[in-house]
Amino acid sequence: MGSSERSATDDIVSGIMGRWAAAFSKLDARALASLYARNAFFFGSNPSLYRGNDGIAAYFDGLPRWHSPTVKFTDVRTAQAAPDLINVAGTASFFVEAGAEPLTVKITWVIVREDSDWKIVSHHVSSKTPLIEPRTDAT
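Rules behind the numbers
Going along each chain's sequence as written, the residues are numbered from 1 onward. The predicted nature of this model means local features are confined to residues of pLDDT at least 70 and side-chain atom pairs, given and counted, to a pLDDT of 80 or more, with totals for whole chains, interfaces and linings taken over all residues. Processing note: side-chain calculations cover all non-hydrogen atoms of the structure and skip hydrogens and water entirely. For helices the rule is a DSSP run of H or I covering at least 4 residues; for strands it is a run of E covering at least 2, with both sets numbered from the N terminus onward. A 1.4 Å probe rolled over the protein chains alone gives each residue an accessible area, and that area as a share of the maximum for its type sets the label: buried under 20%, exposed over 50%, partly exposed in between. The rule for pairing is simple: two strands pair if DSSP sees at least two bridges between them. Counted as salt bridges are all cases of a side-chain nitrogen of Lys or Arg within 4 Å of a carboxyl oxygen of Asp or Glu. The contact criterion used throughout is that any non-hydrogen atoms of two residues lie within 4.5 Å. Ring pairs shown here join Phe, Tyr and Trp side chains whose ring centres sit within 6.5 Å, with only the six-membered ring taken for Trp; geometry is labelled stacked below 30 degrees between planes, edge-to-face above 60, and tilted in between.

Caption draft 1: Just the environment of Ala21, in detail. Inspection of the secondary structure puts Ala21 in helix H1 (residues 3-25). According to the relative accessible area criterion, Ala21 is partly exposed, its value standing at 22%. Distance from Ala21 to Leu32, taken between C-alpha atoms, is 8.9 Å for residues 11 residues apart in sequence.

Written out as structure tokens, the structure reads:
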């Protein structure tokens with residue numbers, strides 16, 4: 001993939017992340033759900049799988065009503081997996097309570113072109129804390 005393709009892919013992802021962060025800061029469930037594909041899968045901060053725009057809106061409607069939540073995406077990596085498919089991995093830090101430590105998670109998205117627009121079709125977050133420590137003697 002040439003550098004112009006990587007740049008276009010990064011711009012697509014950056015745009016979605018910007019809209020996602022803006023909607024999250026208002027806890028706007030409908031605006032957040034609109035960033036997802038009709039048949040999206042969503043694993044967020046609880047063990048339930050949410051499906052589609054209505055399910056995703058229900059997830060965000062169920063969050064506490066924090067005063068001024070924000071999210072910061074870092075360590076973002078993107079890869080164009082196919083002409084209409086982008087793979088994304090990174091870190092998301094959620095700042096939801098003044099003075100509290102952020103909730104920092106690993107995040108992956110799969111983004112697909114749907115109806116001439118780019119939408120998140122798969123969303124998954126997981127703990128940054130290792131669940132299993134790697135072996136130190138592995139070669």
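Caption draft 2: Region of the structure containing the pairing of strand E3 (residues 70-82). Of the pairings in the sheet, the one linking E3 to strand E4 (residues 85-95) comprises 10 bridges and is antiparallel in character. Each bridged residue has a counterpart across the sheet, and for Ala79 the counterpart in E4 is Asn87. Counting the residues between successive antiparallel strands, the hairpin from E3 to E4 contains two residues.

Caption draft 3: Representation of the pattern of salt bridges in the model. Tallied over the full model, the rule gives four salt bridges. Where Arg30 meets Asp54, a salt bridge forms, and the shortest distance between an N and an O atom there is 3.4 Å. Taken together, the residues Arg30 in helix H2 (residues 29-33) and Asp54 in helix H3 (residues 52-61) connect sequence positions 24 residues apart. The same class applies to Arg30 and to Asp54, which are both exposed. In this structure, Arg113 engages Asp84 in a salt bridge whose closest nitrogen and oxygen atoms are separated by 2.7 Å. With Arg113 in strand E5 (residues 103-114) and Asp84 in the loop between E3 and E4, this pair connects stretches of sequence that are 29 residues apart. Taking relative accessible area as the criterion, Asp84 reaches 38% and is therefore assigned partly exposed.

Caption draft 4: Up close: the environment of Pro102. Inspection of the secondary structure assignment puts Pro102 in the loop between E4 and E5. Each C-alpha atom, one on Pro102 and one on Thr74, is 13 Å from the other, the two residues being 28 residues apart in sequence. Sequence-distant contacts of Pro102, defined by excluding residues within four places in its chain, comprise Ser93, Phe94 and Phe95.

Caption draft 5: Quick look at the packing of aromatic side chains. As enumerated under the stated definition, the model contains 14 aromatic pairs in all. Between Phe24 and Trp66, the aromatic rings sit 6.4 Å apart at their centres with planes inclined by 50°, giving tilted as the arrangement. Residue Phe24 is found in helix H1, and its partner Trp66 is found in the loop between H3 and E3; the two are separated by 42 residues along the sequence. Taken individually, Phe24 and Trp66 each receive the classification buried, so the pair is uniform in this respect. Arranged with centres 4.7 Å apart and planes meeting at 50°, the rings of Phe42 and Tyr59 form a pair that is tilted. With Phe42 in strand E1 (residues 36-43) and Tyr59 in helix H3, the pair connects residues that are 17 residues apart, well separated along the chain. Comparing Phe42 with Tyr59, the two get one shared label, buried.

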